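Structural description and commentary
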Amino acid sequence: MKLLSLLIALYLGTVRSEMFTSYEEMKRLAASQHLVTESLLKFSQFCEQRLNEAKKVVEEFKKFSQESDKQENIIGNPVNAFLLIKLMVKDLQNFVDNLNTMDELKKFVRDIKEEFFLPSNEDYDGVIKAMHRLEDTYLLRPDQIRLGKLETLHPSRPLNAFECFELGRVAYENQDYYHALRWMNESLVQLEFEGDKPSVNLVQVLDYYAFTTAKQGNLKHALDLTKKILTIEPDHKRAQFNIDYFQKELKNYKKSFKAIWRTQLFWKTIHLFLKIIDLKMYLELKGMCMNLCAEKIPKIVKNQKIYFAATQPIIQC
């Protein structure tokens, strides 16, 4: 329950102030989901009915086509000539009218938005950001979230590869490459379990994964991922361009790394040289002090004082 409460608190901190500002509004949103489901079901049944009507027209065309194959001159019969013209004019228009549901679709969407208080894309991004903060706060691994293994009273189903990808995509677009990398990798893991019925395109995930890896500074891995894209889709234009781009960036990085290494080696050599000189001065100074203490230097004029100023620690004779 604490985990759920934190998620809600984190989520509410990211969305607009005029929407979903309380847990009660979130509950109303959850309740409205049932009504939206009923509306979607009714509209899909309406579309299915229209599609069945269009299929009837296709059957009429097939029947006439089969008859024309049997008869050499089917239009020799004026009735058949009438039926052919009717097919090409009325039935074809009927087919188009049944499939042209754009006006009904627009009305359906308008009614849904007016009747229900629906979240926006901004809210969608907000709840994903809240999920990322939840990971950080509770030190959760992505696979725990993906598999629905959160310690809460309210269980959730496992996430599919597309949902994992979306958690990574939103992070990437917000320049949060740390979470983007975690969730792109998790999407690839889930894709292996989905087999021949993937919920997201593998190339799309690899494309985002490569860019995220490059943003994290691992150009070699980004290059390898891009090469993998080309093994799947050899004509992928962006991947072909990115191969050249990553190779060029990797070459420049190696050059700059060598330059930095040479500079560091130079200064380390200088530092070592100065240490050697410093040690020599130290030994000379220590010898002078020991000679003074042993009174092995010529007699000094009376009342004359000798001072030593050095950066070394006090030398005791």
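For the structure itself, look to the data block above.
Residues numbered from 1 in each chain as written. Predicted model: local features only at pLDDT ≥ 70, side-chain atom pairs only at ≥ 80, totals over all residues. Heavy atoms only, no water.

What to know about the overall build of the protein chain
Looking only at helices and strands, the protein chain features 11 helices and 0 strands. In the protein chain, which comprises 317 residues, the proportion classed as buried is 27%. Within the protein chain, contacts between residues separated by at least 24 positions form 64% of all contacts whose residues are at least 6 apart in sequence. Accessible surface, the protein chain: about 22,800 Å² in total, of which carbon and sulfur atoms supply 58%. (Helix = DSSP H or I, 4+ residues; strand = E, 2+ residues; numbered from the N terminus. Buried < 20%, exposed > 50% of the residue type's maximum accessible area, 1.4 Å probe, protein only. Contact = heavy atoms within 4.5 Å. Areas by Shrake-Rupley, 256 points an atom, 1.4 Å probe, with all protein chains shown as cover.)

Quick look at the packing of helix H9 (residues 202-215) against helix H10 (residues 219-232)
Running from amino to carboxyl end, H9 crosses H10 at an angle of 165°, the nearest separation of the two axes being 8 Å. The angle between H9 and H10 places the two elements in the roughly antiparallel class. Viewed along their axes, H9 and H10 form a crossing whose handedness is left-handed. Within the contact between the two elements, H9 uses Leu-202, Val-203, Leu-206, Asp-207, Tyr-209, Ala-210, Thr-213 and Ala-214 and H10 uses Leu-219, His-221, Ala-222, Leu-225, Thr-226, Lys-228, Ile-229 and Ile-232. Split by residue class, the contact of H9 with H10 holds 11 nonpolar, 3 polar and 2 charged. (Axes fitted to C-alpha atoms, helices over the stretch in contact; angles between N-to-C directions. Parallel < 35°, antiparallel > 145°, perpendicular 65-115°, else oblique. Left-handed = near helix turned anticlockwise from the far one by under 90°. Nonpolar A, V, L, I, M, F, W, Y, C, P; charged D, E, K, R; others polar.)

Re the packing of aromatic side chains
Overall, the coordinates contain 7 aromatic pairs when judged by the stated rule. Aromatic pair Phe-43 and Phe-46: ring centres 5.8 Å apart, planes at 40°, arrangement tilted. Here Phe-43 and its partner Phe-46 are both found in helix H2 (residues 23-70), 3 residues apart, which amounts to about one turn of the helix. For Phe-46, a relative accessible area of 28% translates into the label partly exposed. (Phe/Tyr/Trp six-rings, centres within 6.5 Å; stacked < 30°, edge-to-face > 60°.)

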